[in-house]
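An overview of the molecular structure
Below, each chain spelled out in residue letters.
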Amino acid sequence: MRLSSFIGLRFLLSRRQDRSISAITWISGVGVMLGVTALIVTISVMNGFRANLFLAVTGATPHMRILPMEGAWDEATQAALAAQVKTLPGVEAVAPYFARQVFLSLAGQFRAVLLRGVDPTLEPQVSEVARFIRSDPLASPEQARLNGAALLARLPGNAAQGERAGIILGAPAARALGLIVGDELQAISTVQRQTPIGPVPLMKSLKLIGLFETGLGGTDDVMAFVDQRTAEQLFRISTLSGLAVRVADAQEIDDAWWQQALPGVRVLTWADENRNIFQVMRLEKLGLFVILTLILVVSFFNIISSLVMLVLEKRKGIGVLKSLGASEGLIRRIFFMQGVWIGTLGTASGLTLGLLVCWVLATFDVIDLPPGVFPLGNRLPV
C-alpha cells in the first residue's frame with residue numbers, strides 16, 4: 001500500500017476530536033452506499049421489465065415479418081423466399097403465416113379478432129407464443145410453458161377421430177364471449193359463397209383448446225390462432241400473408257440492411273411495431289438514471305466538505321508530516337486518498353446491498369403484484 005493511501009486510511013479510522021466531523025464522514029459514505037443501491041435496484045428493475053415486455057411482444061409477433069409489397073404469395077413463391085431468407089446471416093428460423101380478420105360467434109354474441117393461421121410445428125421456433133398459451137386459466141407460467149407447444153400441435157384437429165379443428169383465443173376475448181376451454185364456436189369469414197338464397201359468409205366450427213395471454217391488452221383482446229390449413233379453408237384461398245423470421249440478435253436488427261438484402265418485399269421488425277412503448281421506456285430509464293446519479297453527486301460534495309473540515313482538524317498532524325519532509329503534493333494525496341477510501345467503501349457497500357436487494361426481489365414474493373401487471377408471472381422482474 002502506498003504511503004498516501006496508508007496515512008489516508010489511518011486518518012479516516014482515527015478518533016476525532018470533533019465528533020461532528022466523524023459523523024459527517026460516515027453520513028457521506030452512507031449516502032454513497034444508498035445512492036449506488038438505489039441506482040442498481042432501479043435500473044435492474046427497469047431492465048427486467050424491458051426484457052419481460054420484449055418476451056411478451058415476441059409472444060404475439062416474431063422478431064421480423066416479411067410481407068409482399070401488394071397482394072399475397074402462393075405456396076411456391078413463399079417456399080422459394082423462405083429458402084432464400086434461411087441463407088441470410090443471423091437467421092435462426094423461418095415460418096409462414098396467414099392473417100385475416102374474422103368474426104367469432106357464440107349464442108348470438110359476436111366479436112372481431114385477427115385470425116393468425118400458423119404452422120404448429122414451426123411457430124414455436126419463430127416466436128415465444130408457446131410461453132403464453134395455457135389450457136387452465138389458473139396455470140402457472142412454468143406449467144403453461146410445458147403444455148403450450150402441445151396445445152399448438154392440437155390446432156389441426158383430427159377428422160378421423162371426429163375432433164374439430166382447434167382455436168387458441170386471447171383470454172380477454174374469451175371472457176367477453178363467455179367461453180371456457182372445450183367450448184365450440186363459429187368463425188365467420190369475410191369471404192362469401194353463392195347459394196340459392198344469395199351470398200352467405202363462409203363459416204367454420206372450431207373448438208377452443210387454449211387461452212393466450214401476454215399481459216398486453218391491445219394484443220390479447222384481438223388475437224386468435226388456428227392451423228394454417230384451417231385458415232385457408234375458411235377463406236378458400238391458398239395464399240399466405242407473409243413469413244415470420246427469428247434472428248439471433250433481435251436487439252440489433254438493421255432495417256436498411258434487410259430491406260436491401262430482400263428487394264421487392266416489405267420488412268417489419270418487432271421494434272417497428274412497438275416503437276412508441278420502447279421509446280417511452282428508454283426515456284424513463286434515462287430520466288431515472290440522471291435523477292439517481294444526482295444522489296451520488298450530493299454524496300460526493302458531502303465527502304469534499306468533510307475533507308475540508310478534516311484538514312482543519314489535522315493541522316498539527318500536517319505540521320508533523322511536513323517537519324518530517326513530506327511535500328505538499330504528498331499531503332494533498334493523503335487527503336485525496338481519504339476521499340477515495342470513503343467513496344470506494346461506500347460504492348462497494350452499495351454494490352453488495354444493491355445485488356442483495358435484487359436477489360431478494362427476484363427470489364421471494366416481497367412485493368405482491370396483482371395478476372396481469374407483468375407478463376410471465378406476478379413477481380417483480382429483476
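Each chain has its residues counted from 1, running along the sequence as written. Per-residue local features are limited, in this predicted model, to residues with pLDDT of at least 70; the limit for side-chain atom pairs, both in listing and counting, is 80 or more; totals at the level of whole chains, interfaces and linings are taken over all residues. Side-chain descriptors were evaluated using all non-hydrogen atoms of the structure, hydrogens and water having been removed beforehand.

Here we take up the overall build of the protein. Secondary structure is summarised from DSSP: a helix means a run of H or I of at least four residues, a strand means a run of E of at least two, and numbering begins at the N terminus for each. The secondary structure content of the protein amounts to 13 helices and 10 strands. Think of it in three bands: residues with accessible area under 20% of the maximum for their type are buried, residues over 50% are exposed, and the middle band is partly exposed, with areas taken using a 1.4 Å probe on protein chains only. Taken across its 382 residues, the protein has 44% of its residues classed as buried. Note on areas: Shrake-Rupley with a 1.4 Å probe; residue coverage comes only from the protein chains shown. Summing over all exposed atoms, the protein offers an accessible surface of approximately 19800 Å²; the carbon and sulfur share of this is 61%.

This part takes up the environment of K285. Among the structural elements, K285 can be located in helix α11 (residues 275-313). As for K285 and T42, which are separated by 243 residues in sequence, their C-alpha atoms are 8.7 Å apart. Here a residue-residue contact requires only that any non-hydrogen atoms of the pair lie within 4.5 Å. Setting aside anything within four residues of it in sequence, one finds K285 in contact with I43, M46 and N47.

Another point: the pattern of salt bridges. One side-chain nitrogen of Lys or Arg within 4 Å of one carboxyl oxygen of Asp or Glu is enough to make a salt bridge. Inspection of the entire model under this criterion finds six salt bridges. The partner of E213 in a salt bridge is R175, with the nearest N and O atoms 3.9 Å apart. Of this pair, E213 sits in the loop between β7 (198-212) and α7 (217-220) while R175 sits in helix α6 (residues 171-177), and the two are 38 residues apart along the sequence. Owing to a relative accessible area of 54%, R175 belongs among the exposed residues under this scheme. With a closest N to O distance of 3.3 Å, E232 and R229 form a salt bridge. Of the two residues, E232 and R229 both sit in helix α8 (residues 228-235), three residues apart, roughly one turn of that helix.

In this description, a nonpolar core means a group of buried Ala, Val, Leu, Ile, Met, Phe, Trp, Tyr and Cys residues linked to one another through side-chain atoms lying within 4.5 Å. Judged by nonpolar contacts, the single largest core of 40 residues is most densely connected at I66, I168, F212 and W258. No other element matches helix α2 (residues 19-60), which puts five residues into this core.

You can see T230 is positioned in helix α8. Among all residues touching T230, those that are not within four sequence positions of it are A165, K204 and L206.

Let's shift gears to the packing of α11 against helix α13 (residues 328-363). For the pair α11 and α13, interaxial distance at closest approach is 10 Å and the crossing angle is 140 degrees. Comparing their axes, α13 and α11 come out oblique. Crossing handedness for the pair α11 and α13: right-handed. From α11, I303, S306, L307, L310 and V311 reach across to α13, where they touch F335, Q338, G339, I342 and G343. Here the residues of the contact of α11 with α13 are counted per class, giving six nonpolar, four polar and no charged. For helices, the axis comes from a line fit to the C-alpha atoms of the stretch in contact; other axes are also lines fit to C-alpha atoms, and the angle between any two N-to-C directions lies between 0 and 180 degrees. Convention used here: angles under 35 degrees read as roughly parallel, angles over 145 as roughly antiparallel, angles from 65 to 115 as roughly perpendicular, and any remaining angle as oblique. Should the near helix be turned anticlockwise from the far one by less than a right angle, the crossing is left-handed, and should it be turned clockwise, the crossing is right-handed. Residue polarity is assigned by list, with Asp, Glu, Lys and Arg as charged and Ala, Val, Leu, Ile, Met, Phe, Trp, Tyr, Cys and Pro as nonpolar; anything else, Gly included, falls into the polar class.

Turning our attention to the packing of aromatic side chains. Working definition: rings of Phe, Tyr and Trp (its six-membered ring) pair if their centres are within 6.5 Å, and the pair is stacked with planes under 30 degrees apart, edge-to-face with planes over 60 apart, and tilted otherwise. A complete count under the given rule lists four aromatic pairs for this structure. Between F98 and F235, the aromatic rings sit 5.5 Å apart at their centres with planes inclined by 45 degrees, giving tilted as the arrangement. Residue F98 is located in strand β2 (residues 91-106), and its partner F235 is located in helix α8; the two are separated by 137 residues in the primary sequence. Here F98 and F235 have matching classes, each one buried.

Turning our attention to the packing of helix α12 (residues 315-323) against α13. Packing of α12 against α13 brings their axes to within 10 Å, and their N-to-C directions diverge by 140 degrees. Relative to α13, α12 is oriented oblique. Taken as a pair, α12 and α13 cross one another with a handedness that is right-handed. Residue-level contacts link I318, L321 and K322 of α12 to E328, I331, I334 and F335 of α13.

A few words on a nonpolar patch on the surface. Patches draw on residues past 30% relative accessible area with no salt bridge. Two like charges within 9 Å are joined, as are two nonpolar side chains (Val, Leu, Ile, Met, Phe, Trp, Tyr) within 5 Å. On the surface, L286, F289, V290, L294, V297, F300, F301, I304, V308 and L312 cluster together to form a nonpolar patch covering roughly 950 Å² of accessible area. Along the chain, the position of L312 falls in helix α11. Accessibility expressed as a relative area gives 54% for L312, which makes it exposed.

Let us look at the pairing of strand β1 (residues 64-68). Most of β1 sits out of view: five of its five residues are buried. In β1, alternate side chains face the same way, and those of M64, I66 and P68 on one face and R65 and L67 on the other are all buried. Note on pairing: two strands pair once DSSP finds at least 2 bridges between them. Direction of pairing for β1 relative to strand β9 (residues 242-247): antiparallel, over a ladder of three bridges. Across the sheet, the residue bridging to I66 is L243, located in β9. Relative to strand β10 (residues 265-269), β1 is paired through five bridges, and the arrangement is antiparallel. In the strand pairing of β10, M64 is matched with T269.

This part is about the environment of A23. Its location among the elements puts A23 in helix α2. Given a relative accessible area of 37%, A23 falls into the partly exposed group.

With that out of the way, let us pick up the confidence of the model for the protein. As a note on interpretation, predicted positions should not be read in detail where pLDDT is low. In the predicted model, the protein carries a mean pLDDT of 79, and the fraction of residues at 70 or more is 86%. Of all helices and strands in the protein, the one with the weakest mean pLDDT is helix α1 (residues 3-13) (66), whereas strand β8 (residues 223-227) scores best (89). Summary of the metric used: pLDDT quantifies the predictor's per-residue confidence within the range 0 to 100.

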